[in-house]
Amino acid sequence: MNSNGADFPLVRARGLRKEYGSGEGLVRAVDEIDLDVATGEAVAIMGPSGCGKSTLLHLLGGLDRPTAGELWLAGRRVEKLSERGLAQLRRLDVGFVFQAFHLIDELTAQENVELPALLAGRSPRQARRSARELLEQVGLADRADHLPSALSGGQRQRVAVARALANEPKLVLADEPTGNLDSAATLELLRLFDALHAAGLTLVVVTHDERIAATADRMISMRDGAFVDETRLVGGSRGQLGSLFGVELEV
Amino acid sequence: MLGRTLLVLRLVAASLRRRPVEAVVTVVAIAATTTTLTLGLALHGVTDHPYETTRAMTSGPDIVVMPTTASPASGSSGSSGPSGSSGPSGSSGSSGSSGPTISGPGTGSGSHVNLLASLDGLIHAPGVVAHSGPYPVSYPTMRVNGSKVLAVAEGRTTRGAKVDQPYVTAGTWVRAGGVVIERSFAEELNIGVGDRVTLDGRSFPVVGIAVTAAVPPYPYTVTGVAIDNLNNVWSQATGLIWTTKPIARSLATSSVPLSYMLNLKLANPQHASAFIAAHSDGNSLYFESWQDVRRVESQQMLPFQRGLLIGSALLDLLAIASLAVIVGGRLAERTRRVGLLKAVGATPRLVAGALLFEYLTLALLGAALGLLVGWLVAPLIANPGAGLVGSVGAPPVTLSDVGWIVGLAIAVAGLAAWIPSVRAARTSTTSALADSARIPKRRPLLIEAASHLPMQLLLGLRLAARRPRRMVLTLVSVTITMTTIVAVLAIHAHESQAAPIPASVFAIPVNPNTRNTDAVLLVLTVVLVFLSIVNAVVITWATSVDSRQPLGIARALGATTRQVSAGLSTALLIPSLPGVIAGIPLGLLLVKAAGHGSNVTVPSALWLAAVSVGILLAIGGLSSIPARIQARRSPLDALQSEFT
Ligand SMILES: Nc1ncnc2c1ncn2[C@@H]1O[C@H](COP(=O)(O)OP(=O)(O)O)[C@@H](O)[C@H]1O
Ligand SMILES: [Mg+2]
């Protein structure tokens, strides 16, 4: 495997393509995309609605299979994996945060966060302990026993973030995580991502929000399934975010 | 108005197109319920109809009169044979006499002239509007198919009679030299048209099979008959045959002399008892009213009736369970749909209207389908006792049944649409959209204890516990299924335990209706088990559809197919297990209740265990199907379908 090279990126995509439909109705949602994401890097992807951002993210996270192209995650060829292999990838290597939260309605916040750890075969005791810590980390320790329906949007999204982190994934993928949130909740989530980034987590965030994008190391613009522009943001996020909002960020 | 109607139609069409499986399952469930109810109603009506039908079709007499031959032996017939355990006797109650007794030599040769004169007097008694007979009656010993039985041979003309003209179900009516056998008698002895029977050593061809309402079917055609008491040879089982008058006369012997049978029709059939009371002077004549015959018949059909009673109770229960599943299943989903429509500005009435219209369409379709199936199957199980004309004349599914069933289907559709509408109207639009799970005030012990369980069990348990309504529905449904199967097993166990036929000179049927009951039970069992399976499929399907979102999320988080299907199976098996356990005593109780407290034969533990495990395996297996189907698609499908 090539994963031993220090310069080999955590994510590498070459000629990645995803098509929906056929003939007249053929849609190239993702069209020949090349992408490298280094370990510890935060990448923001922006673009108009329908340009293929979600599709790309789903491919990166093993939620969907590409029509063509090659994809490596942590040195493993993703598009060649079996269903089982994909499930394992989602379980251990990737954490997903969705715009619509996708928490399980029947499970409490705590239980939602426990779920990935339990799926990975950790003991209920272990899962519970780490879920407690994660909820504390996202500031929801006192909401642990609430069902999602009893939480605000921002709280739900923070539970989702905690859940995404449950198995200490190598990569966190967030698809418009603030799309359903008001500005106060957006700010809180921003802080959270910033802290995670600072702690060395690799992040790929799809967003419409300039402020979120501004916290990334790199900002990619997408249109019609392809990358059209790429901006490397100097100095990363930490300094900028504080100046943007005029607040001190605790890490 | 037109615009709104169009909108409703469009909503319904869209809903049906988007959820074709739900539409199909709803139709199937309502069809199953309708079939169930059709059969239930057909069973309810079966035991009263046949006698009336037979009576009408055969111009049944109101009173049958037979001379008795008073003799010292008649009194002792009860102690010389097991007459104490005899079948139902309609004779003694109303007439005060002990029935015609054919007894030992030296008796019965009395005055024929007197006998016929007293019968003649009855024909002209006030209140009598028609009569047939008196017909000569003899009691030959009949041998057929290796059995020896006592026959009551009634001599008839080849022409029809005004009163009591038996209805021929096979072959023809009496012809010179041939005999016609009463249907229950023929069935018991396996006699068909074209067979030959031997009467007191002489062979006769069987030219027909017929039914009558004048006397009860075999083996209680004539009660309390004793022959040759001195030698303790007796038979209580008598069956009726018809032959020509000369043959009937020729079969009389000195030890069993000729007797007569007179059929009377009264101006008012309800006066039969009064007529008998007025004319039974002493005990030279034996009277039997049509009510007596009806009572004997219905008592004779008791075990049969009991089976039907249990069967129809089970059918009713299953119907209730199906209805609960139809109305209660997918309630969360429907409430969310109502909330969604309200969110885009539809008035509650419009939303309710669309939902109602959708369910009405499905319900009527299902009802039509179910009625058709019920109508086809009903004759199989509602075919009454062999001695009766039964289904020949009476349609097992009546028009009022159809009315009831269609009405019920409409009510079910209304309820299935109304409850979510009310729920959505009562709650705010947003919470209807969410239709949240319920969290118990305290973490239940069960969940606490479950933290030591494997992950799949834990997930299943949590999913199940947060949907208490669904749990109760599953529990009830499985309980009813198990109750049904246990009851059927208990009945079969009882049947197979029937006492062996005692060795006797004359063949005595212990349970003349066993064959009948078995056939009916078989059909009932098949129907009940089939409906139970439909029920189990529907409940499993409803649960799995409602679990699509959590299981889709679990897959997005990296759960394997096996983990997902195990989680779903667990969510279903948790309420199923107590249902299966509860079904065992409930099934036995039901049989006991229907049997009026008589002993219930408990099926073998092996059977019970096999059925319990079978049901649980079936539910577990069924629930893995949707999980497997889902696993073949992308986990995104499940996630996105919730929000598009
Ligand atoms: N399951 C699907 N079937 C068909 N077309 C799809 C599907 N998912 C997405 N698309 C199409 O692919 C394109 C990209 O969609 P998406 O990745 O969701 O865009 P974005 O997230 O950037 O808004 C759109 O044109 C969308 O209509
Ligand atoms: Mg998107």
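Basis of the calculations
Residues numbered from 1 in each chain as written. Chains lettered and ligands numbered in written order. Predicted model: local features only at pLDDT ≥ 70, side-chain atom pairs only at ≥ 80, totals over all residues. Heavy atoms only, no water. Helix = DSSP H or I, 4+ residues; strand = E, 2+ residues; numbered from the N terminus. Buried < 20%, exposed > 50% of the residue type's maximum accessible area, 1.4 Å probe, protein only. Contact = heavy atoms within 4.5 Å. Areas by Shrake-Rupley, 256 points an atom, 1.4 Å probe, with all protein chains shown as cover. Near = heavy atom within 4 Å. Polar contact = N/O pair within 3.5 Å; in protein donor to acceptor, adjacent residues only side chain to side chain. Nonpolar A, V, L, I, M, F, W, Y, C, P; charged D, E, K, R; others polar. Pairing = 2+ DSSP bridges. Axes fitted to C-alpha atoms, helices over the stretch in contact; angles between N-to-C directions. Expected span 1.5 Å × (residues − 1). Arc of directions from axis to C-beta. Core = buried A, V, L, I, M, F, W, Y, C linked by side-chain atoms within 4.5 Å. pLDDT = per-residue confidence, 0-100. Salt bridge = Lys/Arg side-chain N within 4 Å of Asp/Glu carboxyl O.

Participant: Honestly, the overall build of chain B in this entry has me stumped. Any pointers?
Facilitator: Within chain B one finds 23 helices and 11 strands. Counting across all 644 residues of chain B, residues that qualify as buried make up 53%. Across chain B, every contact between residues at least 6 apart in sequence was considered, and the portion connecting residues at least 24 apart equals 83%. By element, 65% of the accessible surface of chain B is carried by carbon and sulfur atoms, the whole surface being about 26700 Å².

Participant: Mind showing me how you'd approach the site of ligand 1 here?
Facilitator: Residue and element names in this part refer to chain A. Around ligand 1, a shell composed of Tyr20, Val27, Ala29, Ser49, Gly50, Cys51, Gly52, Lys53, Ser54 and Thr55 is seen. One of the backbone N or O atoms of cysteine 51 is found 3.2 Å from an oxygen atom in ligand 1. One of the backbone nitrogen or oxygen atoms of glycine 52 is found 3.0 Å away from an oxygen atom of ligand 1. When ligand 1 is considered free in solution it has 560 Å² of accessible area, and contact with the protein chains removes 61% of it. Only β2 (27–37) and α1 (53–60) provide two or more residues apiece to the shell around ligand 1. A total of three residues in the shell around ligand 1 trace back to one element, the largest contributor, which is α1. Taken together, the residues of the shell around ligand 1 break down into four nonpolar, five polar and one charged.

Participant: Would you mind showing me how to read the sheet that holds strand β1 (residues 11–20) of chain A here?
Facilitator: Adjacent strands of a sheet pair through backbone hydrogen bonds, lying either parallel or antiparallel. Residue and element names in this part refer to chain A. With antiparallel pairing, four strands are arranged side by side in an open sheet as β2-β1-β4-β5. Edge positions in the sheet fall to β2 and β5 (76–77), since each has one partner strand and no second. Sheet topology note: the β1/strand β4 (residues 68–73) ladder contains five bridges and is antiparallel. Of the residues in β4, the one forming a bridge with alanine 13 is leucine 71. Running at roughly 125° to β1, α1 makes contact with β1, β2 and β4 of the sheet.

Participant: Is there a simple way to think about the environment of aspartate 401 of chain B in this case?
Facilitator: Relative to the helices and strands, aspartate 401 of chain B resides in helix α14 (residues 399–426). A sequence separation of 360 residues divides aspartate 401 of chain B from leucine 41 of chain B, and the C-alpha atoms of the two residues are 6.9 Å apart.

Participant: Looking at this model, I keep getting lost on helix α4 (residues 124–137) of chain A. Mind explaining?
Facilitator: Three or four residues apart is the spacing at which side chains of an α-helix point the same way, because the helix has 3.6 residues per turn. Residues and elements named next belong to chain A. Between its first and last C-alpha, α4 extends 20 Å over 14 residues, near the 20 Å set by a 1.5 Å rise per residue. Listed as buried for α4 are Pro124, Ala127, Ser130, Ala131, Leu134 and Leu135. Taken down its axis, α4 places every buried residue within 140° of arc, on the same side. The exposed residues of α4 that point more than 90 degrees off its buried face are Arg125, Glu133 and Glu136. Considering only its buried residues, α4 is in contact with α3 (109–119) and α5 (153–164). Glycine 139 sits one or two residues past α4 and shows a positive phi near 75°.

Participant: Which parts of the structure should I look at to understand the nonpolar core?
Facilitator: The nonpolar side chains of a soluble globular protein tend to be buried with one another. Counting residues in hydrophobic clusters, the biggest one holds 40 residues, and the most contacted among them are Leu315, Val527, Leu528 and Ile615 of chain B. Going through the elements one at a time, α2 (20–44), α11 (302–328), α13 (348–381), α18 (468–496), α19 (514–546), α21 (561–594) and α22 (605–632) of chain B are the ones with two or more residues in this core. Of all hydrophobic cores here, the second largest spans 39 residues; its members include Ala42, Met46, Phe101 and Leu140 of chain A.

Participant: Looking at this structure, how should I read the sheet that holds strand β6 (residues 94–97) of chain A?
Facilitator: Residues and elements named next belong to chain A. Pairing is mixed across the open sheet formed by six strands, whose spatial order is β6-β7-β8-β3-β9-β10. Since the sheet does not close on itself, it has two edges, and those belong to β6 and β10 (226–232), each with one partner. On average, adjacent strands in this sheet sit at an angle of 15° to one another, irrespective of strand direction. Sheet analysis places β6 next to strand β7 (residues 171–175), joined by four bridges and oriented parallel. Within the sheet, the bridge partner assigned to glycine 95 lies in β7 and is valine 172. Contacting β3 (42–46), β6, β7, β8 (202–206), β9 (218–223) and β10, α1 runs over the sheet at an angle of about 155° to β7.

Participant: Before we go on, may I ask you to explain the confidence of the model for chain A in this structure?
Facilitator: Any segment with low pLDDT has predicted coordinates that should not be analysed in fine detail. Taken residue by residue, chain A gives an average pLDDT of 86. The fraction at 70 or more is 90%. Note that pLDDT drops below 50 for residues 236–251 of chain A; the model gives that stretch 27 contacts with residues more than four away or on any other chain.

Participant: I would appreciate a short explanation of the environment of glycine 15 of chain A in the present structure.
Facilitator: Residue and element names in this part refer to chain A. If you trace the backbone, glycine 15 turns up in strand β1. Relative accessible area serves as the criterion here: at 18%, glycine 15 is assigned to the buried category. For the pair glycine 15 and leucine 71, spaced 56 residues apart in sequence, the C-alpha separation works out to 8.7 Å. For glycine 15, the contacting residues outside a window of four places in its chain are Glu32, Ile33, Asp34, Ala68 and Gly69.

Participant: What is the right way to read the pattern of salt bridges from this model?
Facilitator: Once the charged atoms of two side chains with opposite charge are near each other, the side chains can pair. What the rule picks out here adds up to 20 salt bridges over all chains. The partner of lysine 170 of chain A in a salt bridge is aspartate 93 of chain A, and the shortest N-O contact between them spans 3.1 Å. With lysine 170 of chain A in the loop between α5 and β7 and aspartate 93 of chain A in the loop between α2 (83–92) and β6, this pair connects stretches of sequence that are 77 residues apart. Given the relative accessible area of 40%, lysine 170 of chain A is considered partly exposed. Note that arginine 156 of chain B is salt-bridged to glutamate 154 of chain B, the shortest N-O span being 3.1 Å. The exposure class of arginine 156 of chain B is buried, given its relative accessible area of 3%.

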